[in-house]
Amino acid sequence: MKKFDRLYEGTATQGNPTLLNEIYTELYITESESGEISNEHEVRQIETQSRRAATEDTAIKCNHIFRPLPGQDKAIRTVLTKGVAGIGKTVSVQKFILDWAEGKENQDVQLIFPLPFREINLMKNKTLSLSDLLHVFFPETKEIEIYSDEYKVLFIFDGLDECRLSLNFKSKVKLCNISESASVDVLLMNLIVGNLLPSALIWITSRPAAADLIPSECVHRVTEVRGFNEPQKEEYFRKRISDQSLANRIISHLKSSRSLYIMCHIPTNIKREKDYEKKLTDEDMILKLGKVAFQQIVKGNLIFYEKDLRECGIDVTEASVYSGLCTQIFREELGLYQGKVFCFVHLSIQEHLAALYVHLSWTNHNRNVFESIIKQSLPSKVIELFQLSSSENVSLFKLHQRAVDEALKSKNGHLDLFLRFLLGLSVESHQILLQRIMKLKRSRSDSNKKTAEFIKKMIRTIDSPEKSINLFHCLNELGDRSLVEEIQQYLKSGNLGAANLSSSHWSAVVFVLLTSEEELNEFRLNKFVKVNNKTENMKVLQKLLPVIKESRSVQ
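What you are looking at is a predicted structure, and each value in this text was computed from that prediction instead of being measured. (Residues numbered from 1 in each chain as written. Predicted model: local features only at pLDDT ≥ 70, side-chain atom pairs only at ≥ 80, totals over all residues. Heavy atoms only, no water.)

### Here we look at the overall build of the protein
Note the cut-off: Helix and strand assignments come from DSSP, with helices taken as H or I runs of at least 4 residues and strands as E runs of at least 2, each series counted from the N terminus. Burial classification: accessible surface area is computed with a 1.4 Å probe over protein chains only, and a residue below 20% of its type maximum counts as buried, one above 50% as exposed, and the rest as partly exposed. Here, residues are in contact when the closest pair of their heavy atoms is within 4.5 Å.
Secondary structure assignment for the protein yields 24 helices and 15 strands. The buried share among the 555 residues of the protein stands at 52%. A fraction of 74% describes how many contacts in the protein between residues 6 or more apart in sequence connect residues 24 or more apart.

### Quick notes on the environment of K530
Locating K530 in the fold gives a position in the loop between β14 (522-523) and α23 (534-543). Among the residues examined, K530 registers a relative accessible area of 39% and is labelled partly exposed. Separated by 34 residues in sequence, K530 and L496 have C-alpha atoms that sit 9.1 Å apart.

### Some remarks on helix α7 (residues 230-240)
The test is simple: To obtain the arc, one takes the directions from the helix axis to the C-beta atoms.
Every buried residue belonging to α7 is among Q232, K233, Y236 and F237, and all of these are buried. End-on view of α7: buried residues confined to an arc of 135 degrees, all on one side of the axis.

### What about the side chain of Q350?
So the rule is basically this: Throughout this description, a polar contact denotes any pair of N or O atoms lying within 3.5 Å of each other; where both atoms belong to protein, one of them has to be capable of donating a hydrogen while the other can accept it, and for residues adjacent in sequence the pair is counted only when both atoms sit in side chains.
With respect to the helices and strands, Q350 occurs in helix α13 (residues 347-365). Looking at Q350, its side chain comes within polar contact range of the main-chain oxygen of A293, at 3.4 Å. Not counting residues within four places of it along the chain, the set of residues in contact with Q350 comprises A293, Q296, I297, N301, L302 and F344.

### A closer look at the sheet that holds strand β9 (residues 201-206)
Convention followed: Only strands joined by at least two bridges in the DSSP assignment are considered to pair. As a rule, the C-alpha atoms of each element are fitted with a line to give its axis, helices using only the stretch in contact, and angles between N-to-C directions run from 0 to 180 degrees.
Strand order in the open sheet formed by 6 strands is β3-β10-β4-β9-β7-β5, with mixed pairing between adjacent strands. Edge positions in the open sheet fall to β3 (29-31) and β5 (111-114), since each of these has one partner strand only. On average, each strand axis in the sheet is tilted by 20 degrees relative to the strand beside it, whichever way the strands run. When strand β4 (residues 78-82) meets β9, the two strands line up parallel, connected through 5 bridges. Within β9, the residue paired with T78 across the bridge is I202. The strands that helix α3 (residues 89-101) touches are β3, β4, β5, β7 (153-157), β9 and β10 (221-225); relative to β9, the one it contacts most, it runs at about 150 degrees.

### Observations regarding the nonpolar core
Selection criterion: Buried Ala, Val, Leu, Ile, Met, Phe, Trp, Tyr and Cys residues form a nonpolar core when they are joined through side-chain atoms within 4.5 Å.
Grouped together as the largest cluster of nonpolar side chains are 76 residues, with contacts concentrated most on V358, F418, I455, L471, V509, F528 and L544. The element contributing the most residues to this core is α13, with 9 residues. Counting residues in hydrophobic clusters, the runner-up holds 42 residues, among them L115, L128, V186 and L187.

### Some remarks on the packing of aromatic side chains
Our working definition: By convention, a stacked pair of Phe, Tyr or Trp rings (six-membered ring in the case of Trp) has centres within 6.5 Å and planes under 30 degrees apart, an edge-to-face pair has planes over 60 apart, and any other such pair is tilted.
Tallied over the entire structure, the rule returns 14 aromatic pairs. Seen from their ring centres, F113 and F138 are 5.2 Å apart, and the 45 degrees between their planes marks the pair as tilted. Residue F113 is located in strand β5, and its partner F138 is located in the loop between α5 (130-137) and β7; the two are separated by 25 residues in the primary sequence. The two residues F113 and F138 agree in class, both being buried. Note on F294 and Y357: the rings are 5.9 Å apart at their centroids and 40 degrees apart in plane angle, and the pair reads as tilted. Taken together, the residues span a long stretch of sequence, with F294 in helix α10 (residues 282-299) and Y357 in helix α13 at a distance of 63 residues. Residue classification places Y357 among the buried residues on the basis of a relative accessible area of 10%.

### Some remarks on the pairing of β9
In terms of burial, β9 is largely enclosed, as 6 of its 6 residues are buried. Residues L201, W203 and T205 point to one face of β9 and I202, I204 and S206 to the other, with burial holding for every one of them. Both β7 and β9 contribute to a ladder of 4 bridges, which runs parallel. The partner of F157 across the bridge, within β9, is I204.

### Considerations on helix α17 (residues 416-425)
Of all 10 residues that make up α17, 9 are buried, and the element is covered over most of its length. Residues D416, L417, F418, L419, R420, L422, L423, G424 and L425 constitute the buried set of α17.

### Some remarks on the packing of helix α19 (residues 447-461) against helix α20 (residues 465-477)
The packing of two helices is summarised by the inter-axis angle and the distance between the axes. The following threshold applies: Here is the rule for angles: anything less than 35 degrees is roughly parallel, anything more than 145 is roughly antiparallel, 65 through 115 is roughly perpendicular, and the remaining ranges are oblique. In a left-handed crossing the near helix is turned counterclockwise from the far helix by less than a right angle, and in a right-handed crossing that turn is clockwise. Amino acids outside the nonpolar list (Ala, Val, Leu, Ile, Met, Phe, Trp, Tyr, Cys, Pro) and the charged list (Asp, Glu, Lys, Arg) are all regarded as polar, and Gly is one of them.
Interhelical geometry of α19 versus α20 gives an angle of 165 degrees and a closest axis separation of 10 Å. One finds that α19 runs roughly antiparallel with respect to α20. The way α19 lies across α20 gives a crossing that is left-handed. Contacts from A452, I455, K456, M458 and I459 in α19 reach S468, L471, F472, C474 and L475 in α20. Classifying every residue of the contact of α19 with α20 by side-chain character gives 8 nonpolar, 1 polar and 1 charged.

### Here's the deal with the pattern of salt bridges
Applied cut-off: Salt bridge, as used here: a side-chain nitrogen of Lys or Arg that lies within 4 Å of a carboxyl oxygen of Asp or Glu.
The full count for this structure, using the stated rule, is 17 salt bridges. The residue D108 makes a salt bridge to K152 at a minimum N-O spacing of 3.0 Å. Taken together, the residues D108 in the loop between α3 and β5 and K152 in the loop between α5 and β7 connect sequence positions 44 residues apart. R402 is paired through a salt bridge with E371; the nearest N and O atoms lie 3.4 Å apart. One end of the pair, R402, is in helix α16 (residues 396-409); the other, E371, is in helix α14 (residues 369-375), with 31 residues separating them in the sequence. Residue classification places R402 among the buried residues on the basis of a relative accessible area of 19%.

### Considering the confidence of the model for the protein
Under the convention used in this document: As a per-residue measure, pLDDT tells how confident the predictor is, with possible values from 0 to 100.
Looking at the protein, pLDDT values average 80 and 79% of them are 70 or higher. The low-confidence segment residues 382-389, where pLDDT is below 50, has 5 contacts with residues more than four positions distant or belonging to other chains.

### Description of unusual backbone geometry
Its identity as a non-glycine residue notwithstanding, N106 has a phi of 50 degrees, on the positive side. We classify N106 as buried; its relative accessible area is 14%. Even without being a glycine, N366 presents a positive backbone phi close to 55 degrees. Position of N366 relative to the elements: it lies in the loop between α13 and α14.

Here is the structure:
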């Protein structure tokens, strides 16, 4: 109870604890039918999920995740809970444990072992038995015979996406005894599969992209944390902010921007220490954190280690001072196995800082940082040639073009939001906000126009509806709404079926429909196609699939 009754915002060592029970707001958690995993970027999942009505899914209370729903007769041993970064998975785990410890819920369970993956990672190369592993993390278990049937045990593995063990479910190594030694990944695999402690309950949480590390046949229920639904958003702000007139102002401000209101289903809170000695300017620190953010995002890493920070010239104590941006995670009581792991409090902050770093490297140092990533893997003679030519002016258009190309190459869209941020930073109104940290005034001439034309050309040539949707978001960032406005005219006039639309126009139709505020209750294909031409109709149908997926019924 002592350990779990408070919520720390910022780093745990920094203080500012809030009693969890005072501000905890029930999250919207649903059973996920298929358990299929989406590789789509998290922000895009958020945008599409916000369109789904609550009536479509069965809500499950966090404390009831091991209870079958009415009409289900299956016993549930292993639950996988997925949800995007910062959505409340870890806080749900904390609330589950606190309610259990206070005797309110799940009293049939005698022992709960919370084992976050970021801590298990520190044991990566150790060989030991399950009981040894538990003794390391929970020394008080030395007195307890966990393997006897008198105890009902729950293991909670939080943060599968941070797992650095190679969980091989095809491995033939079978362990049935908790005193048998093996590598930690083999122990976990045997525990999850049910060879070790078959009567134990298992709860695993993960971001969507990593959830398929556990084979579906090992999981009895997949749930999804969807954050706050509309009424819960207001409830949270009213609990969190004691001054109710301020709470009202905040709620009405959030509602004034659709994307902001959608995003605030994520209850992430950021604090930064004020009483530290300023050895560094903010600009230095932002650039250094931006460099880490960029290097790690290009590699697809969401967590990183001390050496990654040191390589970018960041002192570890500085990073924890900037704890609002970069939270230091380590547990004091692990004794021998102390290890420090870092991550940005939210993926979108990492993406934004990475974009800022790329933009400022261009304005302040005439550098295209994408080139320097290639250089790292080249022999020194080739690098010298690069340096000879680096006195030339790097054009902003070339930088943007390269960023668009890199984002389009990515299979799971991990550079999509970074690209939106990067293009947004080059707009005049943002230059004014950035002028304090921009050393040089660089001429952008007509590069934004050139970038917009290049993006339109890419929209015409790519097949992926998801990628073209992101490119439309990019055009929005650059303030180019020409394609979208043309389509809005057609939609208003109701003449879409009669118009001869190009491939990029159809992409614009999809974008307009998906970003409009109206719920997609019914999709009628005959509004979009000419009656007789079957081949043409099939092409249109294919183009409009993303809209069809989001509609409740289709004619």
